[in-house]
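Read off the chains here:
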Amino acid sequence: MPKQIFTNTWQQVVGAQFDEPYYEQLHDFLKEEYATQTIYPPMNDMWNAFHYTDYEDVRVVILGQDPYHGPNQAHGLSFSVQPGVKHPPSLRNIFQELQTDLNVPIPVDGTLTKWAAQGVMMLNTVLTVRAHAAHSHKNKGWEQFTDAVIRSLSDRKQPIIFVLWGKPAQQKQKLIDTSRHVIIEAPHPSPLSAYRGFFGSRPFSKINAQLRAWDMPPIDFDLTTPLGGHV
């Protein structure tokens with residue numbers, strides 16, 4: 001019987017991964033890391049991408065790399081930060097492009113749970129990181145797990161939009177059935193590459209145009225208003 005990690009459909013979809021030898025090694029590694037180091041996000045937030053957006057509710061996947069490694073930033077959703085936290089540079093650039101693309105105001109809080117509630121799964125390819133050490137949990141098993149997640153989404157009959165920013169995310173294209181799903185690509189929103197084509201890529205209007213083409217409701221990306229109504 002696989003370990004019970006999720007209380008939603010994700011348990012049936014990827015639960016078998018938890019009994020794989022690579023995952024057991026990853027589990028032992030994380031147990032030691034959380035016991036002896038400062039690790040982000042907090043353990044209780046590690047699976048938030050799955051808790052906030054159930055398997056059959058996913059309409060869009062925004063694929064990140066590894067979590068923010070500064071204090072109080074990461075909470076388990078790619079690019080999102082906890083309430084009251086200063087926007088990291090990549091998120092600042094995402095909000096700048098959002099404002100240009102859809103003419104919505106830049107929010108005070110960089111918390112993207114409103115998007116997650118509408119079927120935008122914000123998945124990092126590596127779900128944990130050591131404080132102040134980017135990519136410190138790379139090649140420990142997370143990539144194998146998140147590849148299985150992407151494959152399971154690709155296997156779905158209902159179409160999904162995969163948003164791949166930057167080369168590491170774009171390397172996951174081979175896992176996605178493009179006869180059924182749509183990929184939106186651009187350079188990464190980090191300050192190093194945002195000016196090489198992320199700015200002006202208009203991903204948010206492209207997402208909503210595609211959802212409308214599939215007769216699905218668009219995403220309300222405006223984080224300054226509550227879900228289901230404008231103030």
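Further up the page is the structure itself.
Residues numbered from 1 in each chain as written. Predicted model: local features only at pLDDT ≥ 70, side-chain atom pairs only at ≥ 80, totals over all residues. Heavy atoms only, no water.

## Let's talk about the packing of helix H4 (residues 89–102) against helix H8 (residues 203–213)
Direction vectors running N to C along H4 and H8 enclose 60°, while the axes themselves pass 7 Å from each other. The orientation of H4 with respect to H8, classified from their angle, is oblique. Listed contacts from H8 to Ile94, Glu97, Leu98, Asp101 and Leu102 of H4 are Pro203, Phe204, Ser205 and Asn208. (Axes fitted to C-alpha atoms, helices over the stretch in contact; angles between N-to-C directions. Helix = DSSP H or I, 4+ residues; strand = E, 2+ residues; numbered from the N terminus. Parallel < 35°, antiparallel > 145°, perpendicular 65-115°, else oblique. Contact = heavy atoms within 4.5 Å.)

## A look at unusual backbone geometry
Between tyrosine 40 and the following residue, proline 41, the backbone shows a cis peptide bond with an omega angle of -10°. Residue placement: proline 41 occurs in the loop between strand S1 (39–40) and helix H3 (48–52). Positive phi values are uncommon outside glycine, yet asparagine 72 reaches one of about 65°. Looking at the secondary structure, you find asparagine 72 in the loop between strand S2 (60–64) and H4. Phi is positive for histidine 132, which is not a glycine, with a value near 60°. According to the relative accessible area criterion, histidine 132 is exposed, its value standing at 59%. (Buried < 20%, exposed > 50% of the residue type's maximum accessible area, 1.4 Å probe, protein only.)

## Here we look at the side chain of serine 90
On the secondary structure map, serine 90 appears in helix H4. On the accessibility criterion, serine 90 (12% relative accessible area) is buried. Those residues in contact with serine 90 that lie beyond four places of it in its chain are Phe79, His188, Pro189, Ser190 and Pro191.

## Let's talk about the sheet that holds strand S6 (residues 182–186)
In space, the four strands of this open sheet follow the order S3-S2-S5-S6, with parallel pairing throughout. Edge positions in the sheet fall to strand S3 (120–124) and S6, since each has one partner strand and no second. Ignoring strand direction, the axes of neighbouring strands in this sheet form an average angle of 20°. The pairing of S2 with strand S5 (residues 161–165) spans four bridges and is parallel. Along S5, the bridge assignment pairs valine 60 with isoleucine 161. Across the sheet, H8 lies against S2, S5 and S6, angled at about 165° from S5, the strand it touches most. (Pairing = 2+ DSSP bridges.)

## A word on the environment of lysine 172
With respect to the element layout, lysine 172 can be found in the loop between helix H7 (167–170) and S6. For the pair lysine 172 and leucine 63, spaced 109 residues apart in sequence, the C-alpha separation works out to 9.2 Å. Once residues within four sequence positions are removed from consideration, lysine 172 is found in contact with Leu63, Thr125, Glu143, Asp147 and Ile150.

## Some details on a negative patch on the surface
A cluster of acidic residues, Asp19, Glu20, Glu24 and Asp28, forms a negative patch at the surface. Note that glutamate 24 resides in helix H2 (residues 21–36). (Patch = residues over 30% accessible without salt bridge, like charges linked within 9 Å, V, L, I, M, F, W, Y side chains within 5 Å. Areas by Shrake-Rupley, 256 points an atom, 1.4 Å probe, with all protein chains shown as cover. Salt bridge = Lys/Arg side-chain N within 4 Å of Asp/Glu carboxyl O. Lys, Arg positive; Asp, Glu negative; His and termini not counted. Charge placed at Lys NZ, Arg CZ, Asp CG, Glu CD.)

## So, the packing of aromatic side chains
All told, the structure shown has 22 aromatic pairs when counted by the stated rule. An angle of 70° between the planes, with centres 6.1 Å apart, marks the rings of tryptophan 142 and phenylalanine 145 as edge-to-face. In this pair, tryptophan 142 and phenylalanine 145 both sit in helix H6 (residues 142–154), three residues apart, roughly one turn of the helix. Residue tryptophan 142 is classed as buried on the basis of its relative accessible area of 0%. Accessibility expressed as a relative area gives 0% for phenylalanine 145, which makes it buried. Note on tryptophan 165 and phenylalanine 198: the rings are 5.2 Å apart at their centroids and 90° apart in plane angle, and the pair reads as edge-to-face. Of the two residues, tryptophan 165 is situated in strand S5 and phenylalanine 198 in the loop between S6 and H8; the sequence distance between them amounts to 33 residues. (Phe/Tyr/Trp six-rings, centres within 6.5 Å; stacked < 30°, edge-to-face > 60°.)

Function cannot be read off these values alone, since they describe shape.
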